[in-house]
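The lines below spell out each chain.
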Amino acid sequence: MLFGWSRAASQLDGQAYDWLFSVNRPENWKPKAMLLAVDEGSLIEIGGARNLRQTLAEALDQVCAAKPLAIAVDLMLSTSEDPKLDAALAASFAKCPSVVLGADIVRDGSQWEEPAPIFRRAAASLGHVHAEPDPVSRQISLEKAVGVKRYWALALEAFRLSKQAGPILETPDDLDVGLTKIPAPRSTARGVYIRYSPSPIPQVTLKELKNNPAASLLFSGKVIFVGYTDQSAARDRLTTPMGQLMTGVEIHANLFETLQQGVFLRDAPVSLPVLLTLAAVAGAGLIFVFLSGSIAWAAAGAWLAFIHFAPQWLYWNDIVLRPAMPLAGIWLATICSASFHYFVIRKQWKKSEADKNRYQQAIHFVTHEMKTPLTAIQGSSEIMSRYKLNEDKQKQIAQMIHSESKRLAGMIQTFLDVERLAEGEIELKRDSFVLSDVLLAALDRARTLAERKEIVVSVGAIPPVQLLGDRELLEYAFYNLLNNAVKYSPEHTGIECNCSIDGAKVRVAIRDQGMGMEPADLKRIFDRFYRSKRAEESGITGTGIGLSIVNEIVSQHEGRIGVESEVGKGSVFTVILPIRVGARLDSEVGNANQRTVTAR
Ligand code: ADP
């Protein structure tokens, strides 16, 4: 909207008007105006401008004999020259019916330049011939005032006199000339759009008239516009909306034609572009809110086309709408809502892709991670059904089935809980528990695997600090880290688990002597489903989900996780967790009786 009120916009409005004007030329009509042209040839013929007044007097005598309706003279007659010749010209004016003489505003705009008194007395009226400052003559103000002195336009006076109408009646929006109502609001200085005649205004030059007096008959019943059409003498050559250059006198004659034909264009109310802009913007927004895909694009295209068509449709109804504001509005709104729409859709698409990916990985996780306990259960139950076992053996296998299925159920539960935790769907439990409980439970679970690979897991002193949060999830997190340490380490190596207190935090470091990771891997291992190339190639099964879960659990407990690693040497995963407030004292006391638990 701000753009709509700018200078650039008014230039665009002007250009849009010119385009509409050019593509909507009116039907041909027979002009009522006629030019008596002072062209180059005429000036040569009469021996220059100094002989113009005498020649004009003779020409007018001839022309007026043919009974024209009115004569509008667009020549500057402000100076007195030869008194005898001036008197002769004034006498010719007096003999003619309804002569209107031109009055102009001096260059600095301070006063009127009127015809000399001798001519003024002989004329029926004066009319202004002041051209608009706009380089393109789209409109002419029917009224011009300097100080308290005001003149109607030359063409308007010629029109009034040709209609033999009385004084012009003024209302804020119109001028009444006889029976003709001219829409020319005072707010626009009574500006009227000139509807340039589709066919050129016919003209007879002074030279032609001099050489062929019978040509004067052509002026019968016409309104004559007298003026310079000579390139060098015509000081006001202006551009029309069709892009042609035209002399002032022809423009005045065209204004007269506009009045004569009653083909008026009105400016749209000031509120219309504003309302149309609001509607355009709202429409573009609603399209992208309620529609999507190709339907949204098609609707947006149709809406754009409709808004572009509005100025044309209004023009067909003789209304001029300045289109820069609504067009700027519709384009800006369409671009903004289309990009917004595009990015929202993209985001949704990315989310659904991620969901799909997660789902696939979940399946992967279930098939890989859960295979081991399932195989154990299957194998054991098969043994039980096939062979006759003694009671002890049966009991042992049944216990194993029970513990493996419990583990399976626990895994599923943990997996689902963590998924829901990451999605923010479940609230973390807020229990208070001792670090050693969690850590030792995780160590116990990892021990079986470590024993199989003959890996020694040693645990340093565990300070008896209290933590606040979800015990099961934290156990799962530590188990995962220990499990990875075992999984990615060769046989006969060692794993150390060391704890230390750092202010209000406890730090648990799990160090292995395994395959290690490249620096590039370290940046990504906490991403879901990321597995290092080394791990993939080693044949060790995994899903790449564990560390992302650990990371999620630790951050849900307001903790941090870090990793250091060197290829071939091993890795250290460090978890830092806040100690429960109020339990700080216990931990300090607890330090006095540290204990070392070694799992072998
Ligand atoms: P998974 O072990 O199922 O692949 P994780 O999320 O637990 O998934 O681990 C992600 C990746 O981080 C692993 O694939 C592996 O490349 C690397 N990684 C994790 N822990 C270790 C470790 N202790 N030593 C070497 N690499 C590790």
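Reading the values: the criteria
- Here the residue numbering is sequential within each chain, running from 1 through the sequence in written order.
- Reporting of local features is limited, given that this is a predicted model, to residues whose pLDDT is at least 70; pairs of side-chain atoms are given and counted only at 80 or more, and all residues count toward the totals for whole chains, interfaces and linings.
- Computation of side-chain values: all heavy atoms of the structure, hydrogens and water removed.
- To qualify as a helix, a DSSP run of H or I must reach at least 4 residues; to qualify as a strand, a run of E must reach at least 2; elements of each kind are numbered from the N terminus.
- The globule rule used for comparison is 2.2 Å times the number of residues to the exponent 0.38, while the radius of gyration itself is calculated over C-alpha atoms.
- Here's how the labels work: a residue is buried when its accessible area is under 20% of the maximum for its type, exposed when over 50%, partly exposed in between, all with a 1.4 Å probe on protein chains only.
- Contacts were defined at the residue level, with two residues in contact if any of their heavy atoms lie within 4.5 Å.
- In this description, the term disulfide denotes a pair of cysteine sulfurs within 2.5 Å.
- Within this document, salt bridges are pairs made up of a side-chain nitrogen of Lys or Arg and a carboxyl oxygen of Asp or Glu, the two lying within 4 Å of each other.
- Take the residue count of a helix, subtract one, and multiply by 1.5 Å to get its expected span.
- One axis fitted to the seven residues ending at a residue, another fitted to the seven starting there: the angle between these axes is the bend at that residue.
- We define the nonpolar core as a collection of buried residues of types Ala, Val, Leu, Ile, Met, Phe, Trp, Tyr and Cys that are connected through side-chain atoms lying within 4.5 Å of one another.
- Between N-to-C directions, angles cover 0 to 180 degrees, with each direction set by a line fitted to C-alpha atoms, over the stretch in contact for helices.
- In what follows, roughly perpendicular refers to angles from 65 to 115 degrees, roughly parallel to angles under 35, roughly antiparallel to angles over 145, and oblique to any angle outside these ranges.
- Here a crossing is called left-handed whenever its near helix is offset anticlockwise from the far helix by less than a right angle, and right-handed whenever the offset is clockwise.
- Each patch is built from residues lacking any salt bridge and having more than 30% relative accessible area; the joining distance is 9 Å for like charges and 5 Å for nonpolar side chains (Val, Leu, Ile, Met, Phe, Trp, Tyr).
- Exposure was quantified through the Shrake-Rupley algorithm and a 1.4 Å probe, taking into account, for residues, occlusion by the shown protein chains and nothing else.
- Domain boundaries shown here were taken from an automatic or database domain assignment.
- Think of it this way: a Phe, Tyr or Trp ring, Trp meaning its six-membered ring, pairs with another when their centres are within 6.5 Å, and the plane angle makes it stacked under 30 degrees, edge-to-face over 60, tilted otherwise.

### Some words on the overall build of the protein
Of regular secondary structure, the protein possesses 19 helices and 26 strands. Rg of the C-alpha trace for the protein: 49 Å, well past the compact-globule value of 25 Å for 600 residues, more than 25% over. Referenced to the eigenvectors of the C-alpha coordinate spread, the extents of the protein come out at roughly 150 × 55 × 45 Å. Looking at the protein residue by residue over its 600 residues, the buried ones come to 46%. If you take every contact in the protein between residues at least 6 apart in sequence, the share linking residues at least 24 apart comes to 74%.

### A closer look at the state of the cysteines
Evaluated as defined, the whole model comprises 1 disulfide. No disulfide involves Cys 499; its nearest neighbouring cysteine sulfur is the one of Cys 497, lying 4.9 Å away. The class of Cys 499 is buried, set by a relative accessible area of 14%.

### A few points about the environment of Leu 265
Counting through the fold element by element, Leu 265 comes out in the loop between α8 (248-261) and β17 (266-267). Sequence-wise, Leu 265 and Ile 182 are 83 residues apart; in three dimensions their C-alpha atoms are separated by 9.9 Å. With sequence-adjacent residues up to four places away left out, Leu 265 is seen in contact with Tyr 17, Tyr 193, Arg 195, Tyr 315, Asp 318, Ile 319 and Val 320.

### Considering the pattern of salt bridges
As enumerated under the stated definition, the model contains 26 salt bridges in all. Between Glu 170 and Arg 186 there is a salt bridge whose closest N-O contact spans 3.6 Å. Taken together, the residues span a long stretch of sequence, with Glu 170 in strand β9 (residues 169-170) and Arg 186 in the loop between β11 (180-183) and β12 (191-193) at a distance of 16 residues. The exposure class of Arg 186 is partly exposed, given its relative accessible area of 46%.

### With respect to helix α10 (residues 293-316)
With 24 residues, α10 should reach 34 Å at 1.5 Å per residue; the first-to-last C-alpha distance of 35 Å fits that figure. If you look at α10, its biggest bend is around 35°, right at Phe 309, and the proline Pro 311 turns up within four residues after that. Of all the residues in α10, the buried ones are Ala 296, Ala 300, Leu 304, Ile 307, Ala 310, Pro 311, Gln 312, Leu 314 and Tyr 315. Looking one or two residues past α10, Asp 318 carries a phi angle of roughly 60°, positive in sign.

### Things to note about the nonpolar core
One broad rule of soluble globular proteins: the nonpolar side chains tend to lie buried together. With 50 residues, the main nonpolar core has Leu 435 and Phe 478 as its most contacted residues. When residues in this core are grouped by element, the largest group, 10 residues, is from helix α15 (residues 471-487). Formed by 44 residues, the second largest nonpolar core is a distinct cluster that contains Ile 140, Ala 165, Val 223 and Val 320.

### Describing helix α3 (residues 52-65)
For α3, which comprises 14 residues, the first-to-last C-alpha distance of 20 Å matches the rise-based estimate of 20 Å (1.5 Å per residue) to within 8%. Listed in full, the buried residues belonging to α3 are Leu 52, Arg 53, Thr 55, Leu 56, Ala 57, Ala 59, Leu 60, Val 63 and Cys 64. Lys 67 sits one or two positions beyond α3 and adopts a positive phi of about 55°.

### Regarding the packing of helix α6 (residues 154-162) against α8
For the pair α6 and α8, interaxial distance at closest approach is 8 Å and the crossing angle is 45°. Our classification of the angle between α6 and α8 gives oblique. Judged by the twist between their axes, the crossing of α6 over α8 is right-handed. When α6 is examined against α8, the residues Leu 154, Ala 155, Leu 156, Ala 158, Phe 159 and Ser 162 are found in contact with a partner set consisting of His 252, Leu 255, Phe 256, Leu 259 and Gln 260.

### Regarding the environment of Gln 261
Turning to its location among the elements, Gln 261 is positioned in helix α8. Remark: the alpha-carbon pair of Gln 261 and Glu 382, spanning 121 residues in sequence, is separated by 107 Å. Apart from the residues within four sequence positions on either side, Gln 261 is in contact with Trp 29 and Lys 30.

### Things to note about a nonpolar patch on the surface
On the surface, Met 1, Leu 2, Trp 5, Leu 275 and Leu 278 cluster together to form a nonpolar patch covering roughly 590 Å² of accessible area. Mapped onto the elements, Leu 2 comes out in the segment before α1 (7-23).

### So, the domain arrangement of the protein
The assigned domain composition of the protein is domain 1 (32-265), domain 2 (271-360) and domain 3 (428-597). Measuring from the centre of the C-alpha atoms in domain 1 to the corresponding centre in domain 3 gives 100 Å.

### Remarks on the packing of aromatic side chains
Using the criterion set out here, one finds 12 aromatic pairs in the structure. A centroid spacing of 5.5 Å and a plane angle of 15° characterise the contact between Trp 303 and Phe 306, whose relative ring orientation is stacked. On the criterion of helical spacing, the pair formed by Trp 303 and Phe 306 is a turn pair, its members being 3 residues apart in helix α10. On the basis of relative accessibility, which here comes to 22%, the residue Trp 303 falls in the partly exposed class. The exposure class of Phe 306 is partly exposed, given its relative accessible area of 46%.

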